[in-house]
Amino acid sequence: MEENKQHYGLIAEFKTVSGVMNAAEKIRDEGFTKWDVLTPFPIHGLDAAMGLKRSKVPFYTFFGGLAGFTLGVLMVWYMNAYDYPLTVGGKPFFSPIFPFPIFYELTILLAAFGTFFGMFITNKLPMHHHPLFEHLGFNRATDDHFWIVIETSDPKFNFDRIKTLLAALGGIEITLLENK
């Protein structure tokens, strides 16, 4: 392992979707764990090509929704059955039928908050600076070019081996990124 704190990683540019997909599959098969593919648009099947696991965001959504439903039930119970019990037309103090819109709305609201904050947590946001921002050609990743970055913190990082591998896979402009 050749980890260097002055360098973030090795970045290579690819011109086509098929080129970056092929390279991602080969890099995954080589056993690299700390690397990423940057594309200007979503590419179907790229997650599988990279060997990524399913996102954890749905768990945040589920638990946010569960918390919202529980909060709605407890709020209605507290207000109607405990804090201010009021008998109107012989209705029970607590019933899940009439306050259903409250349960539903709190479930949706807190599930949305769970999704929003779950994305922030899993994506490690806000990230005000990243070494990729310093790369001169990186702004083209939002336009028409594809990039693969292999970090120096990867246990299998070897500069010469990775540079040769990326060049063999069709990578152009292979550059070592500074870690500022």
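These figures come from a predicted structure and were not determined experimentally.

J.: Help me understand the overall build of the protein chain in this model?
T.: Summing up its helical and strand segments, the protein chain has five helices and four strands in all. Ordered by position from the N terminus, the helices and strands of the protein chain form the series β-α-β-α-α-α-β-α-β. For 180 residues, the compact-globule formula gives about 16 Å, and the C-alpha radius of gyration of the protein chain, at 25 Å, lies well above that figure. Across the 180 residues in the protein chain, those meeting the buried criterion constitute 32%. Taken as a whole, the protein chain presents about 11600 Å² of accessible surface, with 64% of it coming from carbon and sulfur. Distance between charge centres in the protein chain, computed from 15 positive and 18 negative side chains, equals 5 Å.

J.: Please clarify how unusual backbone geometry should be interpreted in this entry.
T.: With the exception of glycine, most residues fall at negative phi, and the peptide bonds are largely trans. Of note, the amide linkage connecting Leu125 to Pro126 takes the cis form, showing an omega dihedral of 0°. For Pro126, the location among the structural elements is in the loop between helix H4 (100-122) and strand S3 (146-151). One non-glycine residue with positive phi stands out, namely Lys124, at about 55°. You can see Lys124 is positioned in the loop between H4 and S3. Positive phi outside glycine occurs at Glu173, with the angle close to 50°.

J.: Hey, could you run me through helix H5 (residues 159-168) in this one?
T.: Given 3.6 residues per turn, any residue in an α-helix points the same way as the ones three and four places further on. Regarding H5, the residues found buried are Ile162, Leu165 and Leu166. Buried residues of H5, seen end-on, are gathered within an arc of 95° and therefore sit on one face of the element. Those residues of H5 that are exposed and aimed more than 90 degrees away from the buried face are Asp160, Thr164 and Ala168. The elements touched by buried residues of H5 are strand S1 (7-14), helix H1 (17-30), S3 and strand S4 (172-178).

J.: Just to check I follow, could you spell out the confidence of the model for the protein chain for this structure?
T.: Regions with low pLDDT carry predicted coordinates that are not meant to be interpreted in detail. Across the protein chain, the average pLDDT comes to 91, with 98% of residues at 70 or higher. Here S4 is the element of the protein chain with the lowest mean pLDDT, 90, and H4 is the one with the highest, 97.

J.: Please clarify how the sheet that holds S3 should be interpreted in this entry.
T.: Across a sheet, strands are paired by hydrogen bonds formed along the backbone, either parallel or antiparallel in direction. The four strands lie next to each other as S2-S3-S1-S4, forming an open sheet whose pairing is antiparallel. Edge strands, defined here as strands with exactly one partner in the open sheet, are strand S2 (35-38) and S4. Adjacent strand axes in the sheet meet at a mean angle of 20° when their direction is disregarded. Pairing of S1 with S4, which is carried by five bridges, proceeds in the antiparallel orientation.

J.: Just to check I follow, could you spell out the pairing of S3 for this structure?
T.: Put simply, side chains in a regular strand alternate between the two faces of the sheet. By the criterion of burial, S3 is predominantly enclosed, with five of the six residues buried. Pairing of S2 with S3, which is carried by four bridges, proceeds in the antiparallel orientation. The residue bridging Val37 from the neighbouring strand is Ile148, located in S3.

J.: I keep staring at the side chain of Glu13 and nothing clicks. Help me out?
T.: Mapping Glu13 onto the fold places it in strand S1. Glu13 sits in the buried class, given a relative accessible area of 0%. Within polar-contact distance, the side chain of Glu13 engages the side chain of Lys15 at 3.4 Å. Those residues in contact with Glu13, other than ones at most four positions away along the chain, are Arg140, His145, Phe146, Trp147, Gly170, Gly171, Ile172 and Glu173.

About the criteria used
- Residues numbered from 1 in each chain as written.
- Predicted model: local features only at pLDDT ≥ 70, side-chain atom pairs only at ≥ 80, totals over all residues.
- Heavy atoms only, no water.
- Helix = DSSP H or I, 4+ residues; strand = E, 2+ residues; numbered from the N terminus.
- Rg over C-alpha atoms; globule rule 2.2 N^0.38 Å.
- Buried < 20%, exposed > 50% of the residue type's maximum accessible area, 1.4 Å probe, protein only.
- Areas by Shrake-Rupley, 256 points an atom, 1.4 Å probe, with all protein chains shown as cover.
- Lys, Arg positive; Asp, Glu negative; His and termini not counted.
- Charge placed at Lys NZ, Arg CZ, Asp CG, Glu CD.
- Arc of directions from axis to C-beta.
- Contact = heavy atoms within 4.5 Å.
- pLDDT = per-residue confidence, 0-100.
- Pairing = 2+ DSSP bridges.
- Axes fitted to C-alpha atoms, helices over the stretch in contact; angles between N-to-C directions.
- Polar contact = N/O pair within 3.5 Å; in protein donor to acceptor, adjacent residues only side chain to side chain.

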